[in-house]
Amino acid sequence: MQRGRTAAAALLLPTLVLPALLLAVGGAWASGASTALGDIAASACIDTATRQMPPRALAMAHAARQEHAAFGGQTMDAEGRLVVAGALEADSGPGASRAPAPWERVMGYWRAVDGPDGRLPSLVRFGALRPADRTLLKEALAQASSNRLQGLGVGPDQGLASHEVRAVDVAIARVAAIDTPWSAAFISWLAREAGLGTDEFVFSEAHADYAGAAWQAGRDEAAGQPTAAALRACDLRQVPPRIGDLVCQARGAGAGLDTFEKLGAILSTRRTGGGALPMHCDVVVARDAAGFDAVGGNVLDSVTLRRLTFAPGTSQLDPSYWPGGCTPGTAGCVDRHMSRQPWSLLLQWR
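Q: For the pattern of salt bridges, give the residues involved together with the corresponding values.
A: The final tally for this structure, using the stated rule, is 15 salt bridges. Residues Arg 81 and Glu 79 are paired through a salt bridge, measuring 3.5 Å at the closest nitrogen-oxygen approach. Judged by relative accessible area, Arg 81 falls into the partly exposed class, the value being 39%. Look at Glu 79 and you get partly exposed, because its relative accessible area is 29%. With a closest N to O distance of 2.9 Å, Arg 306 and Asp 282 form a salt bridge. Here Asp 282 lies in strand 7 (residues 279-287) and Arg 306 lies in strand 9 (residues 302-309), a separation of 24 residues in the sequence.

So, in structure tokens, the structure goes:
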């Protein structure tokens, strides 16, 4: 109530205070319940971090390593510098495995996204101000073929020959592959390769969709509710990753979601397929006493392995990787270049 309230308003004070008091007590209880669930979830994360990885987690890491090799082994060192350049997403030549070409592999990742045919990139830009519909372009291309036009009574030297149609079709697919971020499609493909089903993982072109499901799985677990989800959300700054786990960040320090709690507050309220939430996740493929290697798709336009190290004497990510974790140029603060990101979320195999 504001000062100077009227006498009539003053008479209402007892009526207003009781509901407000009950609301405050209820809020405190709800906050305490939330904290309790968080403590239980954190305990499960820490306990699981010492257990052996399930076979499907290892299969996911193995598939990631294979794709990394197929793209030519592009690698970033522990300081976030590119030390090995590999094939790029739009390359038409064969990768290290000789076939298929990198752009074909990217289009294959899209077919793993949930849906009858996956959600293949539908728009292409070709450098234009406005994107063109890929389906309509392919229809127009089919109508421009020499066989199609000959059926309409034109000569054999008119229209596009079959090899020309193929060349333009490949160009459209390659541009579509580079027009649309595919890092989450890559993770979805890895999850399918590991044998996960739709009840265990949300196959999506958005990292936030499967990350949100993992966040909910952890809360369901803590509340004693059943869940079929394969992954739970944990605090990467408190829990060390294992091979097959996913390490994630809200893409770019400017997003402001630089802690587990801040990111979780968004994931807990965002519905699957909801608004855009820029994120990125890599799959851990190796770990030793000093740190771990993680592979991600669409990192510098390729499937890239990066090295991330632990703080000395610990099994936790070195704070120098976080924006604001330490001051560059000061003693003990290593410049992590492209790997300096708001890493905060661990998606842990349950």
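Q: Can you tell me about the state of the cysteines, naming the residues and giving the values?
A: Per the stated rule, a full pass over the model turns up three disulfides. Here Cys 45 pairs with Cys 234 through a disulfide, and the sulfurs are 2.0 Å apart. Torsion about the S-S bond of the Cys 45 and Cys 234 cystine: about -85°, corresponding to left-handed handedness. You can see Cys 45 sitting in helix 2 (residues 13-48) and its partner Cys 234 sitting in strand 5 (residues 231-235), a full 189 residues away along the chain.

Q: Which residues make up the nonpolar core, and what are the values?
A: Leu 345 and Leu 347 are the most contacted members of the largest nonpolar core, which has 56 residues in total. Top contributing element to this core by residue count: helix 8 (residues 183-193), with six residues. Ignoring any residue separated from it by four or fewer positions in sequence, one finds Leu 345 in contact with Ala 211, Ala 233, Cys 234, Leu 236, Leu 246, Val 247, Cys 248, Phe 260, Leu 263, Leu 267 and Met 279. Within the second largest apolar cluster, 16 residues are counted, among which are Cys 45, Val 247, Ala 294 and Trp 322.

Q: Let's hear about a nonpolar patch on the surface: which residues, and what values?
A: A surface patch of nonpolar side chains, about 230 Å² in accessible area, is lined by Leu 82, Leu 300 and Met 338. With respect to the element layout, Leu 300 can be found in the loop between strand 8 (291-299) and strand 9.

Rules behind the numbers
Residues numbered from 1 in each chain as written. Predicted model: local features only at pLDDT ≥ 70, side-chain atom pairs only at ≥ 80, totals over all residues. Heavy atoms only, no water. Salt bridge = Lys/Arg side-chain N within 4 Å of Asp/Glu carboxyl O. Buried < 20%, exposed > 50% of the residue type's maximum accessible area, 1.4 Å probe, protein only. Helix = DSSP H or I, 4+ residues; strand = E, 2+ residues; numbered from the N terminus. Disulfide = S-S within 2.5 Å. Core = buried A, V, L, I, M, F, W, Y, C linked by side-chain atoms within 4.5 Å. Contact = heavy atoms within 4.5 Å. Patch = residues over 30% accessible without salt bridge, like charges linked within 9 Å, V, L, I, M, F, W, Y side chains within 5 Å. Areas by Shrake-Rupley, 256 points an atom, 1.4 Å probe, with all protein chains shown as cover.

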